[in-house]
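# Structural overview
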Amino acid sequence: MNAMRQFYMEVPIVTRAYTTVCVLTTLAVHLDLVSPLQLYFNPTLIVRKFQIWRLATTFLYFGTIGISFFFNMIFTYRYCRMLEDGSFRGRSSDFVMMFIFGGVLMTFFGIFVNLLFLGQAFTLMLVYVWSRRNPLVPMNFFGVLNFQAPYLPWVLLCCSMILGNTIWVDIIGMGVGHIYYVLEDVYPHLSNGFRLIKTPYFLKRLFNEHIERNYQAAAEDRPGGFMWGGEGQPVEPDAPAEANEAPDAAEQPAAAAAQ
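Fair warning: this is a prediction, and the values are worked out from it, not measured in the lab.

What follows concerns the confidence of the model for the protein chain. Averaged over every residue, the pLDDT of the protein chain is 81; residues scoring 70 or more account for 81%. In the predicted structure, residues 213-259 sits below a pLDDT of 50 and forms 40 contacts with residues beyond four places in sequence or in another chain.

Moving on to the UniProt feature "transmembrane region" (unreviewed entry) in the protein chain. UniProt's feature table lists "transmembrane region" (unreviewed entry) at residues 52-77, 98-131 and 151-171, given in the numbering used throughout. Counted over residues 52-77, helix gives 58% and strand 0%. Its end C-alpha atoms are 26 Å apart. Between the C-alpha atoms that bound residues 98-131 the distance is 15 Å, and the span itself is 85% helix and 0% strand.

Bringing the environment of Thr-107 into the picture now. As for its placement among the helices and strands, Thr-107 is situated in helix H6 (residues 92-113). Distance from Thr-107 to Phe-59, taken between C-alpha atoms, is 9.6 Å for residues 48 residues apart in sequence. Once you skip the residues sitting within four places of it in the chain, Thr-107 turns out to touch Phe-41, Leu-55, Phe-59 and Leu-118. Among the polar contacts made by the side chain of Thr-107, one reaches the main-chain carbonyl oxygen of Gly-103 at a distance of 2.7 Å.

Another point: the pairing of strand E1 (residues 138-141). When E1 meets strand E2 (residues 145-148), the two strands line up antiparallel, connected through 4 bridges. Within E2, the position partnered with Pro-138 by the bridge is Gln-148. Hairpin connection of E1 to E2: 3 residues between the antiparallel strands, including Phe-142 at a positive phi of 55°.

The next point concerns the side chain of Thr-26. For Thr-26, the position within the fold is in helix H2 (residues 13-30). Among all residues touching Thr-26, those that are not within four sequence positions of it are Leu-60, Tyr-61, Phe-62, Gly-63, Ile-65 and Phe-69.

What follows concerns the nonpolar core. With 45 residues, the main nonpolar core has Phe-95, Met-98, Met-106 and Leu-126 as its most contacted residues. Mapped onto this core, the elements with two or more residues apiece are H2, helix H5 (67-85), H6, helix H7 (119-133), helix H8 (152-162) and helix H9 (168-186). Counting residues per element, this core draws most heavily on H7, which supplies 9 residues. For Leu-126, the residues in contact, after removing those within four places along its chain, are Thr-76, Cys-80, Leu-83, Phe-95, Met-98 and Phe-99.

This part covers the pattern of salt bridges. On inspection of all chains with the given rule, the structure shows 5 salt bridges. Arg-81 is paired through a salt bridge with Asp-85; the nearest N and O atoms lie 3.1 Å apart. With Arg-81 and Asp-85 both in helix H5, this residue pair falls 4 residues apart, about one helical turn. By relative accessible area, Asp-85 is classed as partly exposed at 32%. Arg-133 serves as the salt-bridge partner of Asp-185, at 2.6 Å between the closest nitrogen and oxygen. In this pair, Asp-185 sits in helix H9 while Arg-133 sits in helix H7, placing the two residues 52 residues apart along the sequence.

Okay, the packing of aromatic side chains next. Two numbers describe a pair of aromatic rings. These are the distance of the centres and the angle of the planes. Counted according to the given criterion, the structure contains 14 aromatic pairs. Where Tyr-79 meets Trp-130, the ring centres are 5.1 Å apart and the plane angle is 65°; that geometry is what we call edge-to-face. Placement of Tyr-79 in helix H5 and of Trp-130 in helix H7 is noted, with a sequence separation of 51 residues between them. With relative accessibility at 6%, the residue Trp-130 sits in the buried group. Site record: aromatic cluster; members linked through ring pairs are Tyr-18, Phe-59, Phe-88, Phe-95, Phe-99 and Phe-122. Seen from the ring of Tyr-8, Arg-16 lies directly overhead, with NZ or CZ sitting 5.9 Å from the centre. When the ring centre of Tyr-79 is taken as reference, the NZ or CZ atom of Arg-78 above it lies at 5.5 Å.

What counts and what doesn't
Residues numbered from 1 in each chain as written. Predicted model: local features only at pLDDT ≥ 70, side-chain atom pairs only at ≥ 80, totals over all residues. Heavy atoms only, no water. pLDDT = per-residue confidence, 0-100. Contact = heavy atoms within 4.5 Å. UniProt positions renumbered as here; feature names shortened; annotations may be inferred. Helix = DSSP H or I, 4+ residues; strand = E, 2+ residues; numbered from the N terminus. Polar contact = N/O pair within 3.5 Å; in protein donor to acceptor, adjacent residues only side chain to side chain. Pairing = 2+ DSSP bridges. Core = buried A, V, L, I, M, F, W, Y, C linked by side-chain atoms within 4.5 Å. Buried < 20%, exposed > 50% of the residue type's maximum accessible area, 1.4 Å probe, protein only. Salt bridge = Lys/Arg side-chain N within 4 Å of Asp/Glu carboxyl O. Phe/Tyr/Trp six-rings, centres within 6.5 Å; stacked < 30°, edge-to-face > 60°. Lys NZ or Arg CZ within 6 Å of the ring centre and 35° of its normal.

The following block contains the structure:
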């Protein structure tokens, strides 16, 4: 028990909270403590009956307990944790902001395609963002198909089509993931670009991130898998100017080659 508890507590806080609530919600339905009719996304009931909780529960219920549920939970946990341990390391508030941004957009799109539950779409968003930020990672699909990470969402989409599931869930998840990727990882690095998604200060205080830190993620964990100008590099306070300038000169050819 102690080993399981230690493993559970080592899971990053956002991943731990989201996957736990998803499992507990599904178990509550399985034990007939609540009904799926009380959880699904219904704009009419939200607006007229003020059943605001449906905006959240639509992302928490993954269907009856079975093979599909376990696969969804494995994918959700795996890619949520890899994002939080990778490009969002030390930035849990920004990760929560990604959740909020994705949830709002999916809720908006869900109105037009009449989807009841959006948990699978949310998982696809996590998979898509991770795959675009790790473009060189090799993937293997059941030992049959080899491909690189950016193709993973499309492989999952094809699997949904083969299994006869509705593809709108996957399309919405991939679409929202792509919008987030462009706004967060592409547009800010253009010549006149800037960040459009700003994390509120209260979220930073909630995660004790309101103090600036000299943190630099590993190269493979950076958005897009590339060096973005060496942001966040700690500077030696007592180092002479010549020593600080030399690495920049040496990095220019490498950056040019990467481009």
